[in-house]
Each structure stands twice: as structure tokens, then as C-alpha cells.
Amino acid sequence: MANDVTEYLAELKGLLGSLTSQEQDDVMEFYSEYLQDAGVVTRSEVESRLGTPKQLARKVLADYSIKDSQKQTKESKRTIKDQNATNKSNVTMIWLVILAIASSPVTIPLALGVLLVLAGAILAVLGVLFAAIMGVLGVGAIALFAIYVGIMMIPGHLIVDAQSSNPTDASNIFLGAGQFTFNNADLNNWTSIFGMNQASADQFIKDMATTPLEEAGKTYDLTGFQLNTNNQRFVAATAGLKWQFDWGSE
Amino acid sequence: MKIQVNSELLDGLVLSLLTREDYYGYAITQEIQKSINISDSTMYPVLKRLKKNDWLTTYDHPYQGRNRRYYQITPAGTEHLQELLGAWRKYKLNIDAIFDQTQIPPLTLGGAD
């Protein structure tokens, strides 16, 4: 390795004193390999790529200081745990007081009274909790049923999927890939070609108008376009997005 | 004007590159620099972060009497890349939704219907 490079790396290592020797070696190996692959030999070539050893060290250490701040967050979480431990010791203290009362012969009837009151209070709390849970479950079941009924009443629904780039459904009409320009007149034509009823047609046009992709006059590069009038499914896809409209539930 | 590339995008670009083949450190920087303007000192922290998250592994391969460290994407890395790709495509569409309505007459080619 060129002398200049060796010198540069030695200076860099001297500035990484706050890292473990393992981490230092890792940095050294990376940049020694890097500079050899880059084919640089003189000091000025090295510095024009990586900056001075001080600048490079600052960049390497900046990344480690992010880690340090994450450690601090963990430490503050630990403090919350400590507080929980303190709360537990408070509970222990209450039990010790109850035991102290119970162990004294003079106060046994009093202790029994206290214990019974406590038991009553616990039962009352459990009762209220049970009632609340049953109430929530009941409302939840009604809500789920309402949502189900609501979905069944929707004439059709549009699914926009940003992950897919290709429609995979089998189809009996395939129009293939191509460029496409949307406008409202087209959409009206489509709904009649698709054989949609009025509710689905209205929904389809409304859904298409509210997706980020539908823009009047904009030309899209479609990677796939499929129409299945048997399954009543319409699929169109661009490189980054898929629309799917099902109107089979009508 | 320069558009800043954040660390998650850099993660995505490097992981995407590694789906083609395994690269060594200098070659990764070279490839990324073909598309975006990053400094030579950018890549080390990126590769270290990707390795720490087990999104890539490394192995050494002898080259002209020394070692080159190659970087290889892991299954977890592929999964993470897919998340990043999805997020990026959504982001790109949202940005384009505004840019594409710039008041310059759009070029309209023939429809497929």
C-alpha cells in the first residue's frame, strides 16, 4: 500500500480512540480496501475523496453517536421499571400492616373486619370489571354485524394495491398492456361495456375519481389490463399500482 | 438544485443493488454514484447499519494477494427491501400527483380502448 495511504489510515485510527479496537479494525479494513480498489496513492487524491482524516473520523463517529442516544433511551425506560418496582414494594407494605394487625390477639376481631371489608371491595371491583367487559363485547358484536351488513350493501368496491405490478387473475377478456388516457366519458362507456348496474357504475366512477391515479387527461403506462365479466372483476395495473374493482356482490 | 437522499432510501438502493449480485465496498459506491451524487465517505455507515440489522452478510474473497469483502443480501434484507419499495412507490405517486398537474399541456397518446 502506498505510504501516503498508510499514513492517512494511521491518522484516522488515532482519531477513533472512542471506539472499541474491533470497531476500529472494521473501519481500517473497509477504507484500506476501498482506497486500494479506488487506485488512489497520493495524500491529495485520498483527501479529495474522503476528506481529511479528521473529517472522515467525524463522519464515522457521528454514526456511533446515534447508537449512544439509543442507549440513553433504553436507560430512561429502565427508570420507569424502577418506579414499578417501588410500587410493588408499596403493596408489600400494605400486606405487612394487615399481617401486623392480624397477629395481635387484641385486634383479631378488628383484623377480621378489615379483611372482610377488603374482600368485599375486591369482589365489587371484579363485578364492575366483568360488567364493563361484557358491555364492550356486546357493543363490539353489534358493531361488527353492522359493518358486515354495511359492506354487503355496497354495490362494488375498489381495491388499490401499491405493492402489485401485475394482475394475476384469470380473465376472459384481456386487453393487455398499453397506454391509457382516463376521462369521465371513458368511464361511462366502460360501465356499460362491463354490464354494471347503476349503483355499481356510480360507485366505480366515484371510486376512480377519488384514487390518486385518476386524473382527467393523464396518460398512464399500463403493464396490464384485464376485465372478467363472468367474475365481474376489473383489474388495471401500472408499474407501481394495481386497481381492482369487484362488482360481483350486487 | 440537489435533492437530499435520506438514510432509508440509501438502504433501499444498496439492498436493491445487491439483489443483482454480490458487490464489494468500492463497487457499491461506484454503482450508486452512477445515479445519485453521494460522497465516498457515505457508504461505510450505510453498510454497517445494514449488517447490524442482518439485512446483509459479508464474506471475504481473495483478490490480487489481498481480501475483498463482498456484501450479500439476506432473506430479511429482501423482505425489508420490499417494504421500502412499497413505501417509495406510494411516495413517488403522491409527489407525482402534484407535479403531474403542473399547468403544462399534457401529451395525450391514443387510448387502449
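These numbers were taken from a predicted model, which means no experiment stands behind them.

1. Some words on the overall build of chain B
- Per the secondary structure count, chain B includes 4 helices and 3 strands.
- Considering chain B as a whole, with its 113 residues, one finds that 35% of them fall into the buried category.
- Expressed as a percentage of contacts within chain B between residues at least 6 apart in sequence, the contacts between residues at least 24 apart total 48%.

2. Let's talk about the confidence of the model for chain A
- When pLDDT is averaged along chain A, the result is 73; 53% of the residues meet or exceed 70.
- Contacts of residues 163-174 of chain A to residues separated by more than four positions or lying in other chains number 36 contacts, the stretch itself having pLDDT below 50.

3. Description of helix H3 (residues 43-52) of chain B
- Of all 10 residues in H3 of chain B, 7 are buried; the element is thus mostly enclosed.
- Positive backbone phi, approximately 60 degrees, marks Asp54 of chain B, located one or two places after H3 of chain B.

4. Details of a nonpolar patch on the surface
- Where nonpolar side chains cluster on the molecular surface, the patch consists of Ile122, Leu123, Val125, Leu126 and Leu129 of chain A and spans about 510 Å² of accessible area.
- Examined against the element boundaries, Leu129 of chain A turns out to sit in helix H5 (residues 108-153).

5. Digging into the sheet that holds strand E1 (residues 23-24) of chain B
- Taken in spatial order, the 3 strands make up an open sheet running E1-E3-E2 (chain B), and their pairing is antiparallel. The sheet is open, and its two edges are formed by E1 and strand E2 (56-63) of chain B, each paired on a single side.
- Where E2 of chain B meets strand E3 (residues 66-73) of chain B, 8 bridges bridge the pair, whose relative direction is antiparallel. Directly across from Thr58 of chain B, in E3 of chain B, lies its bridge partner Tyr71 of chain B.
- Strands E1, E2 and E3 of chain B of the sheet are contacted by helix H2 (residues 21-38) of chain A, whose axis makes an angle of about 105 degrees with E3 of chain B.

6. Observations regarding the nonpolar core
- Leu12 and Tyr31 of chain A together with Ile28 of chain B are the most contacted members of the largest nonpolar core, which has 42 residues in total.
- Per-element accounting of this core gives the leading share, 7 residues, to H2 of chain A.
- Ignoring any residue separated from it by four or fewer positions in sequence, one finds Leu12 of chain A in contact with Val27, Met28, Tyr31, Pro53, Leu56 and Ala57 of chain A.
- Phe204, Met208, Phe234 and Trp247 of chain A belong to the second largest nonpolar core, which has 10 residues in total.

7. Some remarks on the pattern of salt bridges
- Tallied over the full model, the rule gives 12 salt bridges over all chains.
- Linking Arg49 of chain A and Asp40 of chain B is a salt bridge whose minimum nitrogen-to-oxygen distance equals 2.7 Å. Pair noted here: Arg49 of chain A is in helix H3 (residues 43-50) and Asp40 of chain B is in the loop between helix H2 (25-35) and H3, and the two residues belong to different chains.
- The buried category is assigned to Asp40 of chain B, whose relative accessible area is 8%.
- Across the pair Asp11 of chain B and Arg49 of chain B runs a salt bridge, and its minimum N-O distance is 2.8 Å. On the criterion of sequence distance, the pair formed by Asp11 of chain B in helix H1 (residues 7-20) and Arg49 of chain B in helix H3 is long-range, its members being 38 residues apart.
- Through salt bridges with shared partners, a single ionic network connects Asp26 and Glu29 of chain A together with Asp60 and Arg69 of chain B.

Cut-offs and rules
- Residues numbered from 1 in each chain as written.
- Chains lettered and ligands numbered in written order.
- Predicted model: local features only at pLDDT ≥ 70, side-chain atom pairs only at ≥ 80, totals over all residues.
- Heavy atoms only, no water.
- Helix = DSSP H or I, 4+ residues; strand = E, 2+ residues; numbered from the N terminus.
- Buried < 20%, exposed > 50% of the residue type's maximum accessible area, 1.4 Å probe, protein only.
- Contact = heavy atoms within 4.5 Å.
- pLDDT = per-residue confidence, 0-100.
- Patch = residues over 30% accessible without salt bridge, like charges linked within 9 Å, V, L, I, M, F, W, Y side chains within 5 Å.
- Areas by Shrake-Rupley, 256 points an atom, 1.4 Å probe, with all protein chains shown as cover.
- Salt bridge = Lys/Arg side-chain N within 4 Å of Asp/Glu carboxyl O.
- Pairing = 2+ DSSP bridges.
- Axes fitted to C-alpha atoms, helices over the stretch in contact; angles between N-to-C directions.
- Core = buried A, V, L, I, M, F, W, Y, C linked by side-chain atoms within 4.5 Å.

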